[in-house]
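Analysis of the macromolecular model
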Amino acid sequence: MSEATEAVTAPRGLPKAPPNGLIAAVMLAFLATAGLFYVNIMAAIVDGLVSGLGFTEGQAGQIGSVNIYGAAAGALLSVFLVKRLPWKALALGCLLVLIAIDLASISIASYDVMFPVRLIHGVFGGVLTGTGFAVIARTANPDRSFGMLLFVQFGLGGLAVMVLPPLAPLYGTQALFIALALFSAVTLAMLPFLSAYPARIKDPAADGKVQWTPLLLTLLAIFLFQAANMGLLAYIIRLGLDYGLERGYVSLALGLATWVALAGPLLVMVFGLRFGRLRLLAAAMALTLVGTAIFHYSGSPIAYMVANCGTGITWGFVIAYLLGMTAEFDKAGQASAFGGFISKLGLASGPMVAGWALSTDGGFPGLINLALIGLGVSGLVMLLPARILDRKRAEATL
């Protein structure tokens, strides 16, 4: 039976999208995004908690961090659950819980209550995201599905940061949590139209040898890179307002920057390994540092726009190569999954450290300098494993 015929004649009378088609790729992208969509609008959530509920900068950052820490724990948990439970039932349960928690969050005005509630939200969101990644890996062309995932995240994330921040002062955090619940509801409606995607049998001949030193350096680089970027991004709206920019312009700049950032992963697909990793990562990190330093001049609308767009492009570019490098040091593939966990830890730690930094006398200039230090160290750490891989590849071609 052909793939298309199977899609139409699926059981229970519901048509199924061809499992390896474009429509299925879009729905799988929604599935893997729903659990962590709040990361794409983290700046809007932090701003909404401050301007809408009166939380301090530090408290708002901690709420964002604990949400992602929960997601990191959930992502690890999903590794075990997806093997033992039907993935559709698992996704269904997670989506229902996420919708319930987001709607319940609308009426929460206390930091002491919001903190544990968002932690639980993060755990279920992490399980859902891990489940989505596992299902994407079962498709015939996972690269295309992961590419679609990036487009959904950047595209819808850009739209969200343009539309939602101006609503926070008017409606508080209600608009933000309703948007999250709606995204999960749309994903829930797509779930019945996805095929079964049975698990594939692992290759018993996979090489389990791990190159620990370069792998650990790569993981450290991922953690620092994600933490430094996310720490600044979580407060990027507050930074623009603090430098005197209008809220409408700040939202426009962030939305455009999110869409422009699509160029990062696209450039990775264009360059591939044609020029090796070392030179590309060194150049990208140099541009990252320059772009981050330009945030010091955010009083200029042009500088704020350029800094957001430039760092958005290099963020997607660098992290794609770093996550790819983890697979090179562990052919069994377990390091790639752990790399995703480390990435989430970095994303969670950044806002928490940034909130602490803003509570000191350094303010936003101090936060920018802290991000520069983190990015600089990450850049130095990642060069050694990149050089090792370039040498290995050069020797293989001789």
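Thresholds, definitions, all that
Residues numbered from 1 in each chain as written. Predicted model: local features only at pLDDT ≥ 70, side-chain atom pairs only at ≥ 80, totals over all residues. Heavy atoms only, no water. Helix = DSSP H or I, 4+ residues; strand = E, 2+ residues; numbered from the N terminus. Buried < 20%, exposed > 50% of the residue type's maximum accessible area, 1.4 Å probe, protein only. Contact = heavy atoms within 4.5 Å. Areas by Shrake-Rupley, 256 points an atom, 1.4 Å probe, with all protein chains shown as cover. Axes fitted to C-alpha atoms, helices over the stretch in contact; angles between N-to-C directions. Parallel < 35°, antiparallel > 145°, perpendicular 65-115°, else oblique. Left-handed = near helix turned anticlockwise from the far one by under 90°. pLDDT = per-residue confidence, 0-100. Phe/Tyr/Trp six-rings, centres within 6.5 Å; stacked < 30°, edge-to-face > 60°. Polar contact = N/O pair within 3.5 Å; in protein donor to acceptor, adjacent residues only side chain to side chain. Expected span 1.5 Å × (residues − 1). Patch = residues over 30% accessible without salt bridge, like charges linked within 9 Å, V, L, I, M, F, W, Y side chains within 5 Å. Salt bridge = Lys/Arg side-chain N within 4 Å of Asp/Glu carboxyl O. Core = buried A, V, L, I, M, F, W, Y, C linked by side-chain atoms within 4.5 Å.

The helix and strand inventory of the protein stands at 18 helices and zero strands. Counting over 398 residues, the protein shows a buried share of 51%. In the protein, once contacts between residues fewer than 6 apart in sequence are set aside, the share between residues at least 24 apart is 85%. Summing over all exposed atoms, the protein offers an accessible surface of approximately 17100 Å²; the carbon and sulfur share of this is 71%.

Moving on, we come to the packing of helix α2 (residues 22-34) against helix α10 (residues 174-190). At their nearest, the axes of α2 and α10 sit 9 Å apart, and the two run at 140 degrees to each other. As summarised for this structure, α2 and α10 are arranged oblique, according to the angle between their axes. Two packed elements cross with a definite hand, and for α2 against α10 that hand is left-handed. Across the interface between the two elements, Met-27, Phe-30, Leu-31, Thr-33 and Ala-34 of α2 pack against Phe-183, Ser-184, Val-186, Thr-187 and Met-190 of α10.

Confidence in the prediction for the protein averages 84 pLDDT; 88% of positions are at 70 or higher. Confidence over residues 1-11 falls short of pLDDT 50; this stretch has twelve contacts with residues more than four positions distant or in other chains. A low-confidence stretch, residues 202-206 stays under pLDDT 50, and its non-local contacts, those more than four residues away or across chains, total one contact.

Moving on: the environment of Ile-222. Topologically, Ile-222 is positioned in helix α11 (residues 212-233). With relative accessibility at 0%, the residue Ile-222 sits in the buried group. Along the backbone, Ile-222 and Gly-339 are 117 residues apart, and their C-alpha atoms lie at a distance of 7.7 Å. With residues near it in sequence (within four places) discarded, Ile-222 still touches Ile-319, Leu-322, Leu-323, Thr-326, Gly-339, Ile-342 and Ser-343.

Moving on: unusual backbone geometry. A negative phi holds for most residues other than glycine; trans holds for most peptide bonds. Of note in this structure, Tyr-197 is not a glycine but carries a positive phi near 50 degrees. Structurally, Tyr-197 is set in the loop between α10 and α11.

Let us now look at the packing of aromatic side chains. Under the defined criterion, the tally for this structure stands at nine aromatic pairs. Taken together, Phe-271, Phe-275, Phe-317 and Tyr-321 form an aromatic cluster joined through their ring pairs.

Moving on, we come to the side chain of Thr-33. Take Thr-33: it is sitting in helix α2. A polar side-chain atom of Thr-33 sits 2.6 Å from the main-chain carbonyl oxygen of Ala-29.

This next bit is on α2. Its 13 residues place the ends of α2 18 Å apart at the C-alpha level, agreeing with the 18 Å of an ideal helix rising 1.5 Å per residue. Counting buried positions over the 13 residues of α2 gives ten, a clear majority of the element. Every buried residue of α2 is accounted for by Ala-24, Ala-25, Met-27, Leu-28, Ala-29, Phe-30, Leu-31, Ala-32, Thr-33 and Ala-34.

Together, Leu-159, Val-163, Leu-252, Leu-256 and Trp-259 make up a nonpolar patch on the protein surface, roughly 390 Å² of accessible area in all. Those elements that place two or more of their residues in the nonpolar patch are α8 (142-163) and α13 (247-260). By residue number, the principal contributor to the nonpolar patch is α13, which donates three residues. In this fold, Val-163 is placed in helix α8.

Classification of Thr-33 by relative accessible area gives buried; the value is 1%. Placed 93 residues apart in sequence, Thr-33 and Gly-126 show a C-alpha to C-alpha distance of 10.0 Å. Once residues lying within four places of it in the same chain are set aside, the contact partners of Thr-33 are Leu-149, Val-152, Gln-153 and Phe-183.

What follows deals with the nonpolar core. Across soluble globular proteins, nonpolar side chains show a tendency to be buried alongside one another. Among the nonpolar cores identified, the biggest contains 107 residues, and Tyr-38, Ile-41, Tyr-304 and Val-318 are the most heavily contacted of them. In terms of residue count, the dominant contributor to this core is helix α16 (residues 301-328) (eleven residues). Discounting residues that sit within four places of it in the chain, Val-318 has contacts with Phe-225, Leu-281, Ala-284, Met-285 and Met-382.

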